[in-house]
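Here is what each chain is made of, one letter per residue.
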Amino acid sequence: MSWSDIFADPADRERVDWGRTHLRFTASPTTTSLLSFQRIDDWIRYGQVRYPQFQVNLLEGGVPPTLFTETRQYLALSMPGYPVTAAIAEQIRQGATLRFVKIEDWYRPVAELADRLTATIGGGISTYAFYTAPGDDGVGAHWDAADVFVLQVEGTKKWNLWNIQDGVGWQASQSLHTDRDPDHVIELAPGDGLYIPAGTGHRAFAGPRGSLHLSIALSTTSHRKIIRTLLEDLLAAVPLLDRLPVDGDRLTPVAALLRDVAEAAGKTDPAALLAKADRHEPRISESPLIAGVEPARHDP
């Protein structure tokens, strides 16, 4: 079990009201120690990440990468996306947030964390870090389709939360369009954590020393994914060139097709369908690039 990757006290998992209510908790010190202001500075200053592994966001949207990266030449090759430290620092001074995307794809300690959580929860894990100057947010009010665990690493951040809305009309855009005051205001200090259910509106402002937090987004298997997985299996058996007639009776073959789909769905093994929808490929591979040569491990 890897609930200790999120909670300092794994028993706090029992307090999570999944998909309904936010929860403040004490975050895992082991996980918060994976990041720091210094590590973020080093990633940028020494070119250890390239766009789009990191992005620069202002309230009105993403900053074009040409304003904070450069293309380097190596012989006849062009290598775009290298961070320009001074340009990024200026964007942050103007209120931008530095956002690191899918950290589990390129930073082994977080990849290991994501694999442990995937094995425990059975959902997809994506991780993001947000590095924000004092008083700024850099990202407007919005909601996420995944449940999010926020782990505050350094500095403080004040979170404005709006309860999940009724109906489905608001789901057309993940931007939150509201003139209402937030339903909840929560300030996180280093070592604090916050569970934000999917659909909860949120906007966060960094405190006087700036802020760095890690977001762990958990995408559990949805009804939509179950249906999508079923239809993908059914489509695999439909010949690519099968089509409706150009003229004449077109309703009869549609009705027959619907009967075939219903019959196939009725014969589907629910357990096998769920297992396929739940399947996630591990991020960590222990196979060395050179067979028989084990690379040395260095802790971050």
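Residues numbered from 1 in each chain as written. Predicted model: local features only at pLDDT ≥ 70, side-chain atom pairs only at ≥ 80, totals over all residues. Heavy atoms only, no water.

(A) Up close: the side chain of His213. Within the secondary structure, His213 sits in strand E11 (residues 201–219). In terms of polar contacts, His213 uses its side chain to reach the side chain of Ser215, at 3.2 Å. Those residues in contact with His213 that sit more than four places away from it in its chain are Tyr128, Ala129, Phe130, Val150, Leu151, Gln152, Val153, Lys157 and Trp159. (Helix = DSSP H or I, 4+ residues; strand = E, 2+ residues; numbered from the N terminus. Polar contact = N/O pair within 3.5 Å; in protein donor to acceptor, adjacent residues only side chain to side chain. Contact = heavy atoms within 4.5 Å.)

(B) Structural view of the environment of Asp166. With respect to the helices, strands and loops of the structure, Asp166 is situated in the loop between strand E8 (147–162) and strand E9 (184–188). Each C-alpha atom of the pair Asp166 and Pro288 lies 51 Å from the other, and the pair is 122 residues apart in sequence.

(C) Spatial organisation of the packing of helix H5 (residues 223–236) against helix H7 (residues 270–278). The interhelical angle for the contact between H5 and H7, taken along N-to-C directions, is 105 degrees, at an axis separation of 9 Å. Between H5 and H7, the angle falls in the class roughly perpendicular. Residues Lys225, Ile226, Thr229, Leu230 and Asp233 of H5 form the contact with H7, whose own contacting residues are Leu273, Leu274, Lys276 and Ala277. Looking at the contact of H5 with H7, its residues break down into five nonpolar, one polar and three charged. (Axes fitted to C-alpha atoms, helices over the stretch in contact; angles between N-to-C directions. Parallel < 35°, antiparallel > 145°, perpendicular 65-115°, else oblique. Nonpolar A, V, L, I, M, F, W, Y, C, P; charged D, E, K, R; others polar.)

(D) Broad picture of the pairing of strand E7 (residues 124–132). Along E7, nine of the nine residues are buried, which leaves the element largely enclosed by surrounding structure. By the alternation rule, side chains of E7 split into Gly124, Ser126, Tyr128, Phe130 and Thr132 and Ile125, Thr127, Ala129 and Tyr131, which are all buried. Where E7 lies against E11, nine bridges are found, and the strand directions are antiparallel. Residue pairing across strands places Tyr128 opposite Ser215, the latter belonging to E11. (Buried < 20%, exposed > 50% of the residue type's maximum accessible area, 1.4 Å probe, protein only. Pairing = 2+ DSSP bridges.)

(E) Structural view of the packing of aromatic side chains. If you walk through the whole model with that rule in mind, you get 16 aromatic pairs. Taking 5.9 Å as the distance between ring centres and 85 degrees as the angle between the ring planes, the aromatic pair formed by Phe7 and Phe149 counts as edge-to-face. Here the residue Phe7 occupies a position in the segment before strand E1 (23–26), and Phe149 occupies one in strand E8, the gap between them amounting to 142 residues. Side by side, Phe7 and Phe149 carry an identical accessibility label, which is buried. An angle of 65 degrees between the planes, with centres 5.4 Å apart, marks the rings of Trp43 and Phe100 as edge-to-face. Here Trp43 is found in helix H2 (residues 37–45), whereas its partner Phe100 is found in strand E6 (residues 97–101), with 57 residues between them in sequence. Per residue, the accessibility class of Trp43 equals that of Phe100, and both read buried. The rings of Trp3, Phe7, Trp18, Phe25, Phe149 and Tyr195 are connected pair by pair, giving a single aromatic cluster. (Phe/Tyr/Trp six-rings, centres within 6.5 Å; stacked < 30°, edge-to-face > 60°.)

(F) Spotlight on the pattern of salt bridges. One pass over the structure, following the stated rule, counts 14 salt bridges. Here Asp12 makes a salt bridge to Arg15, at a shortest N to O gap of 3.2 Å. Overall, the relative accessible area of 13% leaves Asp12 in the buried class. A residue is classified by how much of its surface remains accessible, and Arg15, at 46% relative accessible area, is partly exposed. With a shortest N-O distance of 3.2 Å, Glu263 and Lys267 are connected by a salt bridge. One end of the pair is Glu263 and the other is Lys267, both in helix H6 (residues 251–267) and four residues apart, which spans about a single turn. Owing to a relative accessible area of 46%, Glu263 belongs among the partly exposed residues under this scheme. (Salt bridge = Lys/Arg side-chain N within 4 Å of Asp/Glu carboxyl O.)

So yeah, pure geometry; function would need other evidence.
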